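# Observations on the model geometry
Listed below, chain by chain, are the residues.
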Amino acid sequence: MQSNYSLFYTYDGDQPARFREARVFGCTVWTAAGAAMTWGEETRSAHANPALAQAAYAAQCDAALADGYALARTSVIDPAVFDFALLQSLVAEAARLAFDCVRRAHPQQHIDAFALVSDDSAMTIGPAANSREALAASEYGEEMRWNPAEWAFGEGGAYFDSAYRLLLQAHRDLPFEVDFVTFRTGVFDACIAALAQLDADGVFGTGAERDENLLLFEVSDSEPVDGAMARLNPPAVVARFEAWMASWED
């Protein structure tokens, strides 16, 4: 059963501040609202027939606009299909904005490490960044370099709210029929592809400059994603990582 969906925001500068969602499926209208990057509060209303539900859905959308929210996305959702291409696009744009935000916030720092971090259930995506100054000041030394959980900077997380809303359809009590393994694998691959896309665009430097920058995708409290390091970094960076790993075996 396909369903109509709309997402609205108010903004703090160019970052989402508060969201509203509305979705209609069958005779049910579902809404959620709250601060960006939160679950928010949900409501459901049942209607006598699909036509009345569609009218109520339209009224929810009109109310959001009347309350000063801006429409960010509208789509038709098929619960048997997850739009990984849309996720990649949303993550790439959010990451570009977030990493620019870090650079603006810390102009005196040499930002040279960038990461996206998810969780084992593929419910969240967030940015992390580090600088050579933060690394030099850390008591963890080289170990900090490869561990985004220890990095110094995380500005721009709200840019990922639209991607987060997309992921939440798999975790809320909503129609969703995609196999979890397929979903999780596809989410992680979309994140890696988004970073690779930005890298190809030169966002993390080119040539010798790129060899000085580290790019990671990590899943918190889980095993590394096979091939992600080599897919996201030039040989010089991969070699440095492999040398560090080998040092733990000595």
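Presented here is an overview of the structure given in this document. Predicted model, so just to flag it, every value in this text is computed and none were measured.

The next point concerns the overall build of the protein chain. Looking only at helices and strands, the protein chain features nine helices and eight strands. Taking the principal axes of the C-alpha coordinates as reference, the protein chain spans close to 70 × 35 × 30 Å. A separation of at least 24 residues holds for 64% of the contacts in the protein chain among residues at least 6 apart in sequence.

For strand β2 (residues 15-25), a buried count of eight out of 11 residues is recorded, marking the element as mostly surrounded by other parts of the structure. Examined bridge by bridge, strand β1 (residues 3-12) and β2 share nine bridges and lie antiparallel to one another. Counted as the bridge partner of Y9 is F19 from β2. Hairpin connection from β1 to β2: two residues lie between these consecutive antiparallel strands, with G13 at a positive phi of about 70°. Here β2 runs beside strand β3 (residues 28-35); their pairing, made up of eight bridges, is antiparallel. Residue E21 lies in a different strand from β3, and its bridge partner there is A32.

For the structure on display, the rule yields 13 salt bridges. With a shortest N-O distance of 3.1 Å, R172 and E42 are connected by a salt bridge. Taken together, the residues span a long stretch of sequence, with R172 in the loop between α5 (161-168) and α6 (180-200) and E42 in strand β4 (residues 41-46) at a distance of 130 residues. In this structure, D100 and R103 form a salt bridge, with 3.6 Å as the shortest nitrogen-oxygen distance. A residue pair is termed a helical-turn pair when its members lie 3 or 4 positions apart in one helix, as D100 and R103 do in helix α2 (residues 84-105) at three residues.

Here the focus is the packing of aromatic side chains. Summed over the entire model, instances satisfying the criterion amount to 13 aromatic pairs. Considering the side-chain rings of F188 and F217, the 5.5 Å spacing of their centres and the 55° angle between planes classify their relative orientation as tilted. Of this pair, F188 sits in helix α6 while F217 is found in strand β8 (residues 214-219), placing the two residues 29 residues apart along the sequence. On the basis of relative accessible area, F188 is assigned to the buried category, the value being 5%. The buried category is assigned to F217, whose relative accessible area is 4%. Through successive ring pairs, a cluster of aromatic residues spans F82, F84, F176, F180 and F183.

Under the 1.5 Å per step criterion, the end-to-end length of α6 is 30 Å for 21 residues, consistent within 8% with the ideal 30 Å. Considered for burial, the residues of α6 that qualify are F183, G186, V187, F188, A190, C191, I192, A193, A194, L195, L198 and D199. The distance from a side-chain oxygen at the start of α6 to the backbone nitrogen of V181 is 3.1 Å, and the residue carrying that oxygen is D179. One or two positions beyond α6, positive phi appears at G202, with a value near 85°.

Further remarks concern unusual backbone geometry. Phi angles above zero are rare outside glycine, and A122 is one such case at about 55°. With respect to the helices, strands and loops of the structure, A122 is situated in the loop between β6 (111-118) and β7 (125-131). We classify A122 as buried; its relative accessible area is 0%. Positive phi is not limited to glycine here, since D221 has a value of about 55°. Among the secondary structure elements, D221 is positioned in the loop between β8 and α8 (228-232). Residue class for D221 comes out exposed when judged on its relative accessible area of 84%.

Further remarks concern the packing of α2 against α6. The N-to-C vectors of α2 and α6 enclose an angle of 45°; their axes lie 8 Å apart at closest approach. Compared by their axis directions, α2 and α6 come out oblique. When the axes of α2 and α6 are compared, the crossing they make is right-handed. For the pair formed by α2 and α6, the contact residues are F84, L87, Q88, V91, A92, A95, R96 and F99 on the first element and T182, F183, G186, V187, A190, C191, A193, A194, L195, Q197 and L198 on the second. A per-class count over the contact of α2 with α6 returns 14 nonpolar, four polar and one charged.

Turning to the nonpolar core, a few remarks are in order. Generally speaking, a soluble globular protein has its nonpolar side chains buried in company with each other. If you look at the biggest cluster of nonpolar residues, it comprises 41 residues, and the most contacted ones within it are L87, V91, L116 and F217. Only α2, β6, β7, α5, α6, β8 and α8 provide two or more residues apiece to this core. For this core, the element with the highest residue contribution is α2, accounting for 10 residues. Counting residues in each nonpolar core, the second largest holds 14 residues, with A113, L135, L214 and L216 among its members.

So, how was this worked out
- Per chain, residues are indexed from 1 in the order of the written sequence.
- For a predicted model such as this one, the threshold for reporting local features is a pLDDT of at least 70, and the threshold for listing and counting side-chain atom pairs is 80 or more; totals across whole chains, interfaces and linings nevertheless cover every residue.
- Each side-chain value is derived from all of the structure's non-hydrogen atoms; neither hydrogens nor water enter the calculation.
- In DSSP terms, a helix is any run of H or I states spanning at least four residues, a strand is any run of E spanning at least two, and both are numbered starting from the N terminus.
- The contact criterion used throughout is that any non-hydrogen atoms of two residues lie within 4.5 Å.
- The buried label goes to any residue with under 20% of its type's maximum accessible area, the exposed label to any with over 50%, and the partly exposed label to all in between, with areas taken from a 1.4 Å probe on protein chains only.
- Pairing between strands is defined by DSSP: at least two bridges between the two strands are required.
- Here a salt bridge means any side-chain nitrogen of Lys or Arg lying within 4 Å of a carboxyl oxygen belonging to Asp or Glu.
- Pairing of aromatic rings covers Phe, Tyr and the six-membered ring of Trp, with a centre-to-centre limit of 6.5 Å; geometry is then stacked below 30 degrees between planes, edge-to-face above 60, and tilted otherwise.
- Given the number of residues in a helix, its expected span is that number minus one, multiplied by 1.5 Å.
- Pairing of N or O atoms within 3.5 Å defines a polar contact, subject to two protein rules: one partner must be a possible hydrogen donor and the other a possible acceptor, and residues neighboring in sequence count only if both atoms are side-chain atoms.
- In this analysis an axis means a line fitted to C-alpha atoms, helices contributing only their contacting stretch, and an angle means the value between N-to-C directions, from 0 to 180 degrees.
- Roughly parallel refers to an angle under 35 degrees, roughly antiparallel to one over 145, roughly perpendicular to one between 65 and 115, and oblique to any angle outside these ranges.
- Two helices cross in a left-handed way if the nearer one is turned anticlockwise from the farther one by less than a right angle. They cross in a right-handed way if the turn is clockwise.
- Under the scheme applied here, ten amino acids are nonpolar (Ala, Val, Leu, Ile, Met, Phe, Trp, Tyr, Cys and Pro), four are charged (Asp, Glu, Lys and Arg), and all others, including Gly, are polar.
- Among the buried residues, those of types Ala, Val, Leu, Ile, Met, Phe, Trp, Tyr and Cys that are joined through side-chain atoms within 4.5 Å form a nonpolar core.

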